[in-house]
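Structure at a glance
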Amino acid sequence: MRSGVGQVCDGVGVTQVRHVAVVGGGIAGLAAAAALRADPAVRIMVLEASGRIGGKLAVSEVAGLSVDEGAESMLARRPEAVELAGSVGLGDSLIVPMTATAALWSRGRLHPLPDRTVMGVPSESTSPRLRRVLTIAERARLRLDRVVPGRPLGADEDVAVGALVERRLGPAVVDRIVEPLLGGVYAGSARQLSLAMTVPALLGPARRHRSLLAAAAEALTTPGSSGPVFAGIAGGVGRLPGAVARASGAQIRTRTTVRSLERTATGWRLLCGPLPAPEVVEADVVVLAVPATPAARLLRPLAPWAAAELEGLSYASVGLVTLVLRDRDLRRPLRGSGLLVPPVEGLAVKAVTHASVKWGWIDQAARPRGLAVLRASVGRHGETAVLQREDADLVTLVRADLATLLGTDAKPVAARVTRWGGSLPQYAPGHLDLVARVRAAVAALPGLAVCGAAYDGVGIPACIASGRAAAAAVLVGG
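As a further point, take the overall build of the protein. When you go through the protein residue by residue, the secondary structure sums to 18 helices and 23 strands. Taking 478 residues into account, the globule formula puts the C-alpha radius of gyration at 23 Å, and the protein, at 24 Å, falls close to it. When the 478 residues of the protein are sorted by exposure, 53% land in the buried category. Once local pairs closer than 6 in sequence are excluded, the contacts in the protein between residues at least 24 apart make up 72%. Accessible area for the protein stands at about 20,100 Å²; split by element, carbon and sulfur atoms hold 54% of it. Side-chain charges of the protein comprise 54 positive and 39 negative groups, with the mean position of each set lying 4 Å from the other.

This part takes up the packing of helix 11 (residues 292–299) against helix 12 (residues 304–311). For the pair helix 11 and helix 12, the least separation of the axes is 8 Å and the interaxial angle reads 160°. For the element pair helix 11 / helix 12, the angle class is roughly antiparallel. For the crossing formed where helix 11 meets helix 12, the hand is left-handed. Within the contact between the two elements, helix 11 uses Ala292, Ala295, Ala296 and Leu299 and helix 12 uses Pro304, Ala307, Leu310 and Glu311.

What follows is about the pairing of strand 8 (residues 102–106). For strand 8, the buried fraction is high: 4 of the 5 residues fall into the buried class. Alignment of strand 8 against strand 19 (residues 338–340), held across 3 bridges, turns out to be parallel. Looking across to strand 19, one finds that Ala103 is bridged to Leu339. Looking at chain direction, strand 8 and strand 9 (residues 109–112) are connected through 4 bridges and run antiparallel. Following the sheet pairing, Ala103 is matched in strand 9 by Pro112. In textbook terms, the turn of a hairpin is the stretch between consecutive antiparallel strands, and for strand 8 and strand 9 this stretch comprises 2 residues, one of which, Arg107, has a positive phi near 55°.

This paragraph deals with the packing of aromatic side chains. For the structure on display, the rule yields 1 aromatic pair. Ring plane angle 75° and centroid distance 6.1 Å describe the contact between Tyr186 and Tyr427, whose orientation is recorded as edge-to-face. One end of the pair, Tyr186, is in helix 6 (residues 171–186); the other, Tyr427, is in the loop between strand 22 (414–425) and helix 16 (431–443), and 241 residues separate them in sequence. You'll find Tyr186 and Tyr427 in the same group, each marked buried.

The next point concerns helix 15 (residues 391–406). Across its 16 residues, helix 15 extends 21 Å between first and last C-alpha, which sits within 8% of the 22 Å expected from 1.5 Å per residue. Among the residues of helix 15, Leu394, Val395, Leu397, Val398, Asp401, Leu402, Leu405 and Leu406 are the ones counted as buried. Looking down the long axis of helix 15, one finds its buried residues gathered within 160° of arc, a one-sided arrangement. In helix 15, those exposed residues whose orientation departs by more than 90 degrees from the buried face are Ala392 and Thr396. Just downstream of helix 15, Gly407 is the residue with a positive phi angle, here 75°.

A word on the environment of Leu334. Secondary-structure assignment places Leu334 in the loop between strand 18 (315–326) and strand 19. Separated by 40 residues in sequence, Leu334 and Leu374 have C-alpha atoms that sit 9.5 Å apart. Apart from the residues lying within four places of it in its own chain, the contact partners of Leu334 are His354, Val357, Ala372, Leu374 and Leu406.

Together, Leu75, Val229 and Phe230 make up an exposed nonpolar region whose accessible area comes to about 210 Å². Examined against the element boundaries, Leu75 turns out to sit in strand 6 (residues 74–75).

This brings us to the sheet that holds strand 16 (residues 279–283). Strand order across the open sheet formed by 3 strands is 14-15-16, with antiparallel pairing between neighbours. Edge positions in the open sheet fall to strand 14 (258–263) and strand 16, since each of these has one partner strand only. Sheet twist, expressed as the mean angle between neighbouring strand axes with direction ignored, is 20°. Bridging between strand 15 (residues 268–272) and strand 16 involves 5 bridges; their strand directions are antiparallel. Each bridged residue has a counterpart across the sheet, and for Leu270 the counterpart in strand 16 is Val281.

This part covers the layout of surface pockets. Approximately 300 Å³ is the volume found for the second largest pocket. Lining of the second largest pocket is provided by 18 residues; of these, Ala103, Leu110, Pro333, Arg335 and His354 occupy positions nearest its centre. Looking at which element gives the most residues to the lining of the second largest pocket, the answer is strand 9, with 3 residues. Considering only residue class, the lining of the second largest pocket consists of 9 nonpolar, 6 polar and 3 charged.

What counts and how
Per-chain numbering applies: the sequence of each chain, read as written, is numbered from 1 onward. Reporting in this predicted model follows two pLDDT cut-offs: at least 70 for local features of residues, and 80 or more for side-chain atom pairs to be given and counted; totals over whole chains, interfaces and linings ignore these cut-offs and use all residues. Computation of side-chain values covers all heavy atoms of the structure but excludes hydrogens and water. Numbered from the N terminus, helices here are DSSP runs of H or I no shorter than four residues, and strands are runs of E no shorter than two. A radius of gyration in this sense is built from C-alpha atoms; the matching globule rule multiplies 2.2 Å by the number of residues raised to 0.38. Using a 1.4 Å probe on the protein chains alone, a residue whose accessible area is under 20% of its type maximum counts as buried, one over 50% counts as exposed, and one in between counts as partly exposed. A contact between two residues is defined here by any heavy atoms of the two lying within 4.5 Å. The accessible surface values rely on the Shrake-Rupley method and a 1.4 Å probe; as for residues, cover is taken only from the protein chains in view. The convention is simple: Lys and Arg are positive, Asp and Glu are negative, and His and the chain ends are not counted. Where a charge lies is defined by one atom per residue type: Lys uses NZ, Arg uses CZ, Asp uses CG and Glu uses CD. In this analysis an axis means a line fitted to C-alpha atoms, helices contributing only their contacting stretch, and an angle means the value between N-to-C directions, from 0 to 180 degrees. Note on terminology: angles under 35 degrees are roughly parallel, angles over 145 are roughly antiparallel, angles of 65 to 115 are roughly perpendicular, and the others are oblique. Left-handed describes a crossing whose near helix is turned anticlockwise from the far helix by less than a right angle; the clockwise case is right-handed. Two strands are counted as paired when DSSP detects at least two bridges linking them. Note on aromatic contacts: the rings of Phe and Tyr and the six-membered ring of Trp form a pair at centre separations within 6.5 Å, being stacked when their planes are under 30 degrees apart, edge-to-face when over 60 apart, and tilted otherwise. Given a helix with a known number of residues, its expected span is that number minus one, times 1.5 Å. In this context, the arc is that of the directions from the helix axis out to the C-beta atoms. Every patch collects residues that have over 30% relative accessible area and no salt bridge, joining them within 9 Å if they carry like charges and within 5 Å if they are nonpolar side chains (Val, Leu, Ile, Met, Phe, Trp, Tyr). The term salt bridge refers to a pairing of a side-chain nitrogen on Lys or Arg with a carboxyl oxygen on Asp or Glu at a separation within 4 Å. Put plainly, a pocket is an open set of points on a 1 Å grid over the protein atoms alone with protein on both sides within 12 Å along at least five of seven lines, a cavity is a set where a 1.4 Å probe fits but cannot get out, and a lining residue has an atom within 4 Å of a point. Grid points are joined across faces, edges and corners, and a volume is the space filled by probe spheres set on the points. Following the grouping adopted for this structure description, the nonpolar residues are Ala, Val, Leu, Ile, Met, Phe, Trp, Tyr, Cys and Pro, the charged ones are Asp, Glu, Lys and Arg, and the polar ones are all others, Gly among them.

Written out as structure tokens, the structure is:
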């Protein structure tokens with residue numbers, strides 16, 4: 001089967017129809033398709049290798065309750081995700097958490113998460129919550145930030161978050177506060193993650209202040225730092241991809257692997273499907289909205305330097321264990337939105353979300369049945385053994401950790417294990433420069449653009465913005 005350039009009659013004359021192939025049906029690719037829809041002369045085909053669209057966004061039932069399998073919330077202080085949800089008919093379903101009060105497990109106890117921090121980087125040294133997490137000696141080391149010699153970051157300098165924090169505030173701030181927060185988002189080590197990519201709000205201030213406390217204090221005064229941090233969608237964030245796909249008007253093709261990409265005299269040729277029965281799809285322009293490894297494979301014959309850059313990007317795998325428990329089996333009521341666990345505590349569980357406490361739509365379905373819903377996150381970059389366990393073993397391991405963290409080892413009414421293999425790109429210092437080099441190489445190939453978490457961030461708004469930028473690039477340059 002071939003699809004190529006066609007024509008339509010617009011009542012005045014004949015208009016050329018541009019065909020766009022979007023490779024990858026995650027939220028970045030779907031956002032690109034929705035943005036392309038703005039041009040009525042464009043026909044869009046989304047080619048997704050797996051059996052469904054949505055990437056890491058999915059919702060399914062556990063014990064008759066709909067619960068997200070991947071991301072459960074969207075950053076509300078960036079506009080892209082909330083705007084897109086509203087534009088595809090989900091505006092009335094947008095909600096904010098019933099509580100955003102999280103706890104931190106440290107030294108065998110739960111403590112309130114330190115406040116007035118920028119992704120765990122403190123803006124002051126006298127916070128009562130810091131006193132509960134850090135020892136006297138660790139707080140004394142933190143206060144040295146004001147007098148320890150040093151310099152602001154250079155104008156183009158990027159560093160590992162953990163390295164900067166340890167140098168200015170001491171290792172305990174990294175291990176006890178920054179690591180669990182960054183690990184909860186990126187499943188990586190703070191000492192290996194780029195400041196520019198993972199805590200961009202701190203980058204500018206750190207280039208103006210020698211003191212990291214002062215830099216964090218300035219970052220907290222930045223406009224847009226007020227209001228709800230996160231938003232959700234009643235029924236699950238996993239509803240968003242389907243709504244975007246429908247609004248895009250794109251032809252959606254699942255179980256369609258793109259095996260190669262070639263330039264033609266008029267555009268692009270994509271070889272798809274199984275090797276015994278290949279299918280050719282022709283398009284005027286192409287958006288690659290796939291992770292780094294498949295993107296590198298497709299780019300290798302066309303832009304070998306860009307492919308080499310992408311091949312060096314590593315990913316972390318994570319797992320989510322969703323447990324539905326009886327309220328009466330909990331030794332104490334669940335309080336707050338959840339908790340974070342630093343790696344130094346030696347537990348497999350790195351975070352727990354009290355889903356039925358956090359989200360009203362889950363609470364309304366669970367409470368009448370006397371149920372509570374927890375989501376436990378496991379897996380960090382470089383850790384593979386924990387995710388190789390059988391489902392039942394992983395549930396048992398999580399229950400053992402919950403006995404420590406929450407004082408309950410209640411047998412669940414139902415459990416669901418979701419594995420996201422190679423799902424979270426690890427942004428090393430200098431990642432923005434890497435992305436610039438890749439995009440420069442791709443820009444030399446008219447009618448081709450790349451987008452997704454590998455380039456612009458793992459959050460839903462970042463992926464949407466990435467997809468929209470790719471759509472704009474191919475429409476202008478294609």
